Amino acid sequence: MTANGSVDVAVIGAGHNGLIAAAYLARAGLRTLLLESRPSVGGCASTVEAVGARVNICNCDHLLVRAMPIAEELGLANHGLRYLDVDPVGINRFWDRHTPWVEWHDLDRTVEGLRRTYPAEADSYQRFVAAALPIAQLLVELAQQPPSAGAVAGVLTRRAMAARRLWAWSRRSALSLLGDFFDHEALMLPALATGPVVWGLSGAEPGTGLGALGYAMRHLVPLGRPAGGSGALTDAVSRSFVSAGGEVRCGVRAECVLADRAAGGRSRVAGVRLAGGEVIESPAVVVACDPAAVRLEGAGVPDRFGRSWGPAGRDGYESKLDAVLSTAPVYAEPADGLDAEEALTPTTFVMPGLEGLRGALGESAAGRIAQDPVFFANIPSVLDPQMRLPDGGEVFSLEVLYTPYDLAGGWGASEEPTRWLSRFGSLVLAGFAESVVDWRAMTPPSYEQQFGMPRGHAASFSGSPLSTLLGRPRHLTRYTTPISGLFCAGAATFPGAGVWGASGRNVASVVTRSF
């Protein structure tokens, strides 16, 4: 930053998309300042100190970011990033006592296992993946393209068959789509759990069809975890950014983006005002956090855009337990021949039946949590020795879905988190409760307080393929706004939530072209 407090680009928000955008911009030779209100970078992709261990803020599994060329283009291996492949990629268990089944990166191995566990569904799984894989490949290619109508149209034209299927599937409900292929709910539920359920939906809603693509994605892209925790990715991007001449300022809050009018009357960015009054002058500002959390101020703010540029607000619905265990648990029911350690390597998805899933969503809407919640459980220290405690203790992670922000009776005195530990303990051999050395619960209000998520909800892109092709709304699909020099990135923009990084990479190309 120059002596008069001006930069070429100011990036607001140092989550993984903001970091990636800033790193590309700095490598393009632009004087880039990254602003983060928290004391450290990484946002929900970070790894932090808690309960006497290093724990991941969210799930440690990285999939879509590995489909992008980001690690190579930013030289992240030179800045400490190393991925550990996770295989099997998931174990599916059920409160209704359906037989557990295992998903591998290799399609043939998955189908072979299904012939033992759900023989009537093995061929159906193969047919589903064959139909879904071209759509998954198309989405990955779209995410790598410059965000322009020409680039999007070019990909859709080259992959016309996949594009037609994408459009058809995107309009359907995930549940009806899966019902075209599978008869047993044990094959439908895992696809819902990693798609619509993560969005806070049941999958019965029209427009959730693309949420069923998880099976295909995990066969297309190798699932991995950064050695040392999820935050090893964001730490490496931060080091890449700084090595290219960028500056990071943590613990500072961007109060508003300033806009004025150019000589011809067009709105343009003037800079960022920080809490406390300091003004950073900049002709370009990238908002890489929830747009609804950033105020626009000045004579150059179009009234309609200033009121509506953030996505519609929702309540958060996800909680997470982090714990230190003296010994690793052992699942009471074996999973298709895996030994005890193999069964702890991937994430285990624990789901109620389809009726239970609908009931859990209804309970959440009423401020309650279902008796049988949706669990995503893993022990990252089993695969990653860097996560293990010096005394051999293990790090346990339990994500819990459909947990309402407005819990009946309030979260402060709630026994729910303790009950989740007990419910998980019912899945493993005796002694789990005694193995818990320390633990904490992150609830929707916790995410609001610690990460600035309004009502604990992380905004995510909800547009359709057609909206992406047409560039509507423009600031969420093309990253540009009616204010010259103001750009958007992050989970609220295409292609959406998850550790993907595509919007950070793509917005940097748009910003660079504007100079």
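Note that the structure is predicted; figures quoted are calculated from it, not measured. (Residues numbered from 1 in each chain as written. Predicted model: local features only at pLDDT ≥ 70, side-chain atom pairs only at ≥ 80, totals over all residues. Heavy atoms only, no water.)

(A) Fine view of the sheet that holds strand β10 (residues 254-261). Pairing is mixed in the open sheet, where four strands are placed in the order β12-β11-β10-β14. What marks the edges here is a single partner per strand, and that holds for β12 (279-281) and β14 (295-297). Neighbour to neighbour, the strand axes of the sheet diverge by 35° on average, direction disregarded. (Pairing = 2+ DSSP bridges. Helix = DSSP H or I, 4+ residues; strand = E, 2+ residues; numbered from the N terminus. Axes fitted to C-alpha atoms, helices over the stretch in contact; angles between N-to-C directions.)

(B) Layout of the nonpolar core. Core analysis: the largest hydrophobic core is formed by 104 residues, its most contacted members being Y125, F128, W169 and F182. Residue contributions to this core peak at 13 residues, all from helix α4 (residues 122-143). Other than its neighbours up to four places away in sequence, W169 contacts F128, A131, A132, I135, L177, F181, G209, L210 and L213. Core analysis: the second largest hydrophobic core is formed by 30 residues, L344, A377, F396 and V400 among them. (Core = buried A, V, L, I, M, F, W, Y, C linked by side-chain atoms within 4.5 Å. Buried < 20%, exposed > 50% of the residue type's maximum accessible area, 1.4 Å probe, protein only. Contact = heavy atoms within 4.5 Å.)

(C) Region of the structure containing the pairing of strand β2 (residues 32-36). Among the five residues in β2, five count as buried, and that is most of the element. Burial along β2 is two-sided: the residues T32, L34 and E36 and L33 and L35 are all buried. Pairing between strand β1 (residues 9-12) and β2: four bridges, direction parallel. Residue pairing across strands places A10 opposite L33, the latter belonging to β2. Following the chain from β1 across helix α1 (residues 16-27) to the adjacent parallel β2, one finds a crossover that is right-handed. In this structure, β2 lies alongside strand β9 (residues 247-250), joined through four bridges in parallel fashion. Counterpart to E36 in the pairing with β9 is C250. (Right-handed = clockwise from strand over helix to strand, strands pointing away.)

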